[in-house]
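Observations on the model geometry
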Amino acid sequence: MSRLFIATCALFAPLFWTLPSPAGQSFSCSFGEPACLDYGAVICKSSATCVSKDAICFDSYTCDYNGFVCKSKFDVAVDAYDTQLRKYNELVDKYNVLNSAYEEVQAEKAAAFSELEAAQAKARRMSDCIDRVDSIEGAKACF
């Protein structure tokens, strides 16, 4: 046996001395190239699914069509978010309609004030003209 093979097996041996094992079963590197494991790594059979020791496992068929996000508070939160987003968008639409109407009214108001000021200026000019004349023909000329 090569020295590397024996050293690798010696590295793996303490990992398995702490595991319960049936009598006569021991760790061996009987085929392939030996490998080193990082601290906390897990060795699993090829037919097994390895998970970390703090993993949460779910029963079969607990996940919905969204993938590996089970029906939970997350889905409830997404539904609540979508509802609030829809309400927000409706409010934005209402605001935009009201703001557009407000801007139209402001433009109409500005035009009306402009017309009022023009009419008042014309009325002042006519009044001043009439005040200065002393005949009916002069007053007619003011109009």
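No experiment lies behind these values; they were computed from the predicted model shown.

When its secondary structure is counted, the protein shows three helices and zero strands. Counted from the first residue to the last, the protein has its helices and strands arranged as α-α-α. The proportion of buried residues among the 143 residues of the protein is 9%. In the protein, once contacts between residues fewer than 6 apart in sequence are set aside, the share between residues at least 24 apart is 23%. Working note: accessible area of the protein is about 13000 Å², and carbon and sulfur atoms make up 60% of it.

Okay, the state of the cysteines next. With the rule as written, the count across this model stands at one disulfide. Two residues, Cys 129 and Cys 142, share a disulfide whose sulfurs are 1.8 Å apart. Measuring handedness by torsion sign, the sulfur bridge of Cys 129 and Cys 142 sits at about -75 degrees and is left-handed. Of this pair, Cys 129 sits in helix H2 (residues 73–132) while Cys 142 sits in helix H3 (residues 136–142), and the two are 13 residues apart along the sequence.

Taken together, the side chains of Tyr 81, Leu 85 and Tyr 88 present a nonpolar region at the surface, about 340 Å² in accessible area. Relative to the helices and strands, Leu 85 resides in helix H2. We classify Leu 85 as partly exposed; its relative accessible area is 34%.

So, about the confidence of the model for the protein. On average, residues of the protein score 74 in pLDDT, and 55% of them are at 70 or above. For the protein, the element scoring lowest by mean pLDDT is helix H1 (residues 3–17), at 49; H2 scores highest, at 93. Low pLDDT, under 50, characterises residues 13–27; the predicted model gives this stretch six contacts beyond four residues in sequence or across chains.

Reading the values: the criteria
Residues numbered from 1 in each chain as written. Predicted model: local features only at pLDDT ≥ 70, side-chain atom pairs only at ≥ 80, totals over all residues. Heavy atoms only, no water. Helix = DSSP H or I, 4+ residues; strand = E, 2+ residues; numbered from the N terminus. Buried < 20%, exposed > 50% of the residue type's maximum accessible area, 1.4 Å probe, protein only. Contact = heavy atoms within 4.5 Å. Areas by Shrake-Rupley, 256 points an atom, 1.4 Å probe, with all protein chains shown as cover. Disulfide = S-S within 2.5 Å. Patch = residues over 30% accessible without salt bridge, like charges linked within 9 Å, V, L, I, M, F, W, Y side chains within 5 Å. Salt bridge = Lys/Arg side-chain N within 4 Å of Asp/Glu carboxyl O. pLDDT = per-residue confidence, 0-100.

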